[in-house]
Amino acid sequence: AVVPARLWGGRSHCVGRLELLFDGTWGSVCADGWDPVAARVLCRQLGCGRPRLIPAPCSPAAAGASPVVLQRVQCTGQELALEHCILHPGQSSSCPSDR
């Protein structure tokens, strides 16, 4: 299944906070479950070159904006899009806030 991804709130489609459409809901990924490898795959998927910042969608400022739909995104770095990575569904109650 295709998992659309978008970055929003920034000056271009390559800047902003990560949201994924998962099970019909736009939501974010736990900061703990997002790493530079997943960021590289996302930037490739969006045609944005190399990542410079790793979004932390569970930071307190962002947490109220969209629900957490994924606890973890596991990529090898070779995937063309995030839907080819291993996606671990999870709710915000299981998502620790950034320390």
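Residues numbered from 1 in each chain as written. Predicted model: local features only at pLDDT ≥ 70, side-chain atom pairs only at ≥ 80, totals over all residues. Heavy atoms only, no water.

> Help me out: how do you make sense of the environment of V73 in this one?
Inspection of the secondary structure assignment puts V73 in strand β4 (residues 68–74). Counting along the chain gives 35 residues from V73 to A38, while the straight-line C-alpha distance between them is 6.7 Å. (Helix = DSSP H or I, 4+ residues; strand = E, 2+ residues; numbered from the N terminus.)

> Explanation requested: the sheet that holds strand β1 (residues 5–9) in the structure shown.
Adjacent strands of a sheet pair through backbone hydrogen bonds, lying either parallel or antiparallel. Within the open sheet, the 5 strands sit side by side as β1-β2-β3-β4-β5. Their pairing is mixed. Here the strands that pair on one side only, and so sit at the sheet edges, are β1 and β5 (86–89). For this sheet the average axis-to-axis angle between neighbouring strands, irrespective of direction, equals 45°. Note that strand β3 (residues 25–29) and β4 share 2 bridges and pair parallel. Note on β4: the bridge partner recorded for S28 is V68. (Pairing = 2+ DSSP bridges. Axes fitted to C-alpha atoms, helices over the stretch in contact; angles between N-to-C directions.)

> It is not clear to me how the environment of L82 should be interpreted in this structure. Could you clarify?
Checked against the element boundaries, L82 lands in the loop between β4 and β5. Remark: the alpha-carbon pair of L82 and A39, spanning 43 residues in sequence, is separated by 9.2 Å. With near-sequence residues (within four places) excluded, L82 lies in contact with A5, L20, W34, A38, V41, L42, Q45, V73, C75 and L87. (Contact = heavy atoms within 4.5 Å.)

> Explain helix α1 (residues 36–46) here, please?
Residues of α1 that are buried include every one of A38, A39, V41, L42, C43 and L46, and no others. Where α1 is buried, its residues contact β1, β2 (16–22) and β4. You can read the cap of α1 off the contacts: a side-chain oxygen lies 3.1 Å from the backbone nitrogen of V37, and it is on D35. In the segment just after α1, G47 is the residue with positive phi, at about 70°. (Buried < 20%, exposed > 50% of the residue type's maximum accessible area, 1.4 Å probe, protein only. Polar contact = N/O pair within 3.5 Å; in protein donor to acceptor, adjacent residues only side chain to side chain.)

Keep in mind that these numbers describe shape and distance, not what the molecule does.
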